[in-house]
Amino acid sequence: MTGLQAIKYSRGKLEVLDQLRLPHEFVYDGVSTCEEGFDCIKAMRVRGAPAIAIVAALSLAVELEAKKDGAEKREDVVSYINTRLDYLMDSRPTAVDLANAIKLLKTKSHNASSASTSSPAEACAEVRRAFIEAAEKILEDDYTTNLAIGRYGAEYLRRQQMPVVTPVDENDMLRYYTTSPPGTQGAPDSTYRKLSVLTHCNTGSLATSGHGTALGIIRSLHKMNYLSHAYCTETRPYNQGSRLTAFELVYENIPSTLITDSMAGALFARFKEEKNISAVVVGADRVARNGDTANKIGTYALAVLAKHHGIKFVVAAPTTSIDLYTLSGSDIKIEDRAGIELTQITGAVVSKEGKVDIDDSKRVAIADQRINVWNPAFDVTPHELIDAIITERGELTRNSKGAFEFRHIMPERWKEQVEGEKEVNGEEGMQFQMDGL
């Protein structure tokens, strides 16, 4: 794996990049306990649904490698694992990737315990090993998934472009690319305008094991020479866009511009045609069964603006972020965060000469500290405003009834969680049934 890494792992050792100190400092924090992993997630030193699940899983894997469970019987190892995973779940209850990872890890541990016929000491070792290998596989699979999402997303956006029929000035050729029309073999090449996109929050290497989801699509567009320009919002109040996405785009030399969240409508109105702004591409913390999508606060507003301006609104999400137990966005629990995130901010001090002093940071008040604050971490975008959901198994668009249908891209989960819902999930239908696994 090359490029930026939010997570560095080798068996028994986990390091997490402190993203609160970016873009001015590159500092990795060692994580050797579930408490340290929980704190990384809760304090948002690590963020992004895939990365959260990975850090939670690997923090417990590090504990188990060090045999911190202290168990002498396999049942006690399983009990320890279940208790620690339940604790980690509370670090970010909105992120369905975390819930999916916990469900998987509990099942793997339970199965390893049930299958073991070894001595008590060896059986304990087998359960620990099964958990550690499953956690490591989550890390490995996420990177492969992101590469596939990037490829499918780039090709989906390419197919939305119409060929240019008027001759292109040779001095302007850098704004165009030439390739065969989508879905054709042996046809003459056509010329297309490179496209521009807007993204929100951070969905790149810093939010995943590498490459990213929505930002991974932008990376793939750039690599395939389809991209003209990427715009990123600052993403208030935590500024993941200005601190992290802008950093990633500059790091990879991708042509890019930072805007405030409130500038998106003006950007579309003034530059849609000139810059060929073709899509808003965002990630997802949770996608409900009907396609409603919970993501960073401000996503819903961007979807409304995109709809008004005739711009595609695209969600990039691994299938692990699709929650078939949650029927619609109204069932998704939205986390409210502390008000001081809106009224105070910390940053490195800038000298009169314009130099950033990374050794001197200050926390300053940016609002009257007596004002009431509402600070939801996420909002829910109705599926009617979403043009496509890009997964590692391909793209999904709404059917003739205006609904998203996930049955065909994850048939096994659909059969278990939807067709067998009453047996598996009782009357709740909202959260994974993890107790007893």
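Coordinates for the structure precede this section.
Residues numbered from 1 in each chain as written. Predicted model: local features only at pLDDT ≥ 70, side-chain atom pairs only at ≥ 80, totals over all residues. Heavy atoms only, no water.

(A) Just the sheet that holds strand E3 (residues 28–30), in detail. Read across the open sheet, the three strands follow the order E1-E2-E3; overall the sheet is antiparallel. Both outer strands of the open sheet, strand E1 (7–10) and E3, are each paired with one neighbouring strand and no more. Direction aside, the axes of adjacent strands within the sheet are offset by 20 degrees on average. As defined by bridge partners, E1 adjoins strand E2 (residues 13–17) across four bridges and the pair is classed as antiparallel. Pairing of serine 10 across the sheet is with lysine 13, part of E2. (Pairing = 2+ DSSP bridges. Helix = DSSP H or I, 4+ residues; strand = E, 2+ residues; numbered from the N terminus. Axes fitted to C-alpha atoms, helices over the stretch in contact; angles between N-to-C directions.)

(B) Here's a closer look at the environment of arginine 175. By the secondary structure assignment, arginine 175 is in the loop between helix H5 (120–159) and strand E4 (176–179). Owing to a relative accessible area of 35%, arginine 175 belongs among the partly exposed residues under this scheme. Taking the C-alpha atoms as reference points, arginine 175 and threonine 397, 222 residues apart in sequence, are found 28 Å from one another. A polar contact of 3.4 Å, which involves the side chain of arginine 175, links it to the backbone oxygen of glutamate 274. (Buried < 20%, exposed > 50% of the residue type's maximum accessible area, 1.4 Å probe, protein only. Polar contact = N/O pair within 3.5 Å; in protein donor to acceptor, adjacent residues only side chain to side chain.)

(C) Just the packing of helix H4 (residues 96–115) against H5, in detail. Interhelical geometry of H4 versus H5 gives an angle of 150 degrees and a closest axis separation of 8 Å. Here H5 runs roughly antiparallel to H4, going by the angle between their axes. Classified by chirality, the crossing of H5 by H4 is right-handed. Counted together, Ala101, Leu104, Leu105, Lys108, Ser109, Ala112 and Ser113 of H4 and Glu126, Val127, Ala130, Phe131, Ala134, Ala135 and Ile138 of H5 form the full contact between these two elements. Here the contact of H4 with H5 is built from residues that sort into 10 nonpolar, two polar and two charged. (Parallel < 35°, antiparallel > 145°, perpendicular 65-115°, else oblique. Left-handed = near helix turned anticlockwise from the far one by under 90°. Contact = heavy atoms within 4.5 Å. Nonpolar A, V, L, I, M, F, W, Y, C, P; charged D, E, K, R; others polar.)

(D) Highlighting the environment of glutamate 335. Relative to the elements of secondary structure, glutamate 335 occurs in the loop between strand E13 (322–323) and helix H10 (340–343). Considering only alpha carbons, one finds glutamate 335 and arginine 92, 243 residues apart in sequence, at a separation of 8.3 Å. Not counting residues within four places of it along the chain, the set of residues in contact with glutamate 335 comprises Lys42, Arg92, Thr94, Asn375, Pro376, Ala377 and Phe378. At 3.3 Å, the side chain of glutamate 335 and the side chain of arginine 92 are in polar contact. A distance of 3.0 Å separates the side chain of glutamate 335 from the side chain of arginine 337, its partner in a polar contact.

(E) Molecular detail of the packing of aromatic side chains. Throughout the structure, instances matching the rule amount to six aromatic pairs. Seen in terms of ring centroids, phenylalanine 26 and tyrosine 28 are 6.3 Å apart; in terms of plane orientation they differ by 65 degrees. Their pairing is edge-to-face. On the basis of relative accessible area, phenylalanine 26 is assigned to the partly exposed category, the value being 44%. Take tyrosine 28: its relative accessible area is 21%, and that puts it in the partly exposed class. Taken together, a centroid distance of 5.9 Å and an interplanar angle of 45 degrees make the contact between phenylalanine 26 and phenylalanine 247 tilted. Highlighted residues: phenylalanine 26 in the loop between E2 and E3 and phenylalanine 247 in helix H7 (residues 240–251), separated in sequence by 221 residues. (Phe/Tyr/Trp six-rings, centres within 6.5 Å; stacked < 30°, edge-to-face > 60°.)

(F) Region of interest: the layout of surface pockets. Taken as a whole, the largest pocket spans an internal volume of roughly 820 Å³. As for the largest pocket, its lining consists of 29 residues, of which Asn100, Ala101, Leu104, Thr320 and Arg413 are closest to the centre. Within the residue set of the lining of the largest pocket, elements represented by two or more residues are helix H2 (49–65), H4, H5 and helix H11 (411–419). If one sorts the elements of the lining of the largest pocket by residue count, H4 sits on top with eight residues. Looking at side-chain class alone, the lining of the largest pocket contains 11 nonpolar, seven polar and 11 charged residues. Every residue lining the second largest pocket is counted, 22 residues in all, and those nearest its centre are Leu20, Arg243, Ile345, Thr346 and Gly347. (1 Å grid on protein atoms, 1.4 Å probe; cavity = no way out; pocket = protein on both sides within 12 Å on 5 of 7 lines; lining within 4 Å. Points joined across faces, edges and corners; volume = space filled by probe spheres on them.)

(G) Inspection of empty space enclosed by the protein at higher detail. As enumerated under the stated definition, the model contains three cavities of 30 Å³ or more in all. What the largest cavity holds in volume is close to 180 Å³. Forming the boundary of the largest cavity are 21 residues, of which Arg47, Gly48, Ala49, Asn202 and Asp285 lie nearest the centre. Taken together, the elements giving at least two residues each to the lining of the largest cavity come down to H2 and strand E11 (293–296). Tallied by class, residues from the lining of the largest cavity come to eight nonpolar, nine polar and four charged. Considered as a void within the structure, the second largest cavity measures approximately 60 Å³ in volume.

(H) Highlighting helix H6 (residues 214–223). Among the 10 residues in H6, eight count as buried, and that is most of the element. Every buried residue of H6 is listed here: Ala214, Leu215, Gly216, Ile217, Ile218, Arg219, Ser220 and Leu221. Looking at the residues trailing H6, positive phi occurs at asparagine 225, about 70 degrees.

(I) Summary view of the nonpolar core. One finds Ile7, Leu60, Ile81, Leu85, Leu105 and Phe131 to be the most contacted residues of the largest nonpolar core, which totals 53 residues. Contributing elements (two or more residues each) for this core: E2, helix H1 (34–42), H2, helix H3 (74–89), H4, H5 and H7. Examining the composition of this core, we find that 13 residues originate from one element, H2, more than from any other. When sequence neighbours within four positions are dropped, the list of residues in contact with leucine 105 reads Ala57, Leu85, Phe131, Ala134, Ala135 and Ile138. (Core = buried A, V, L, I, M, F, W, Y, C linked by side-chain atoms within 4.5 Å.)

(J) A look at the pattern of salt bridges. All chains considered together, the criterion is met by 24 salt bridges. Among the salt bridges present, the one from aspartate 323 reaches arginine 286, with a minimum N-O distance of 2.3 Å. Note that aspartate 323 is positioned in strand E13 and arginine 286 in strand E10 (residues 286–288), a separation of 37 residues in sequence. Classification of aspartate 323 by relative accessible area gives buried; the value is 0%. Glutamate 341 is the salt-bridge partner of arginine 337, the closest N and O atoms lying 2.8 Å from each other. Considered together, arginine 337 and glutamate 341 belong to a single accessibility category, that of buried residues. (Salt bridge = Lys/Arg side-chain N within 4 Å of Asp/Glu carboxyl O.)

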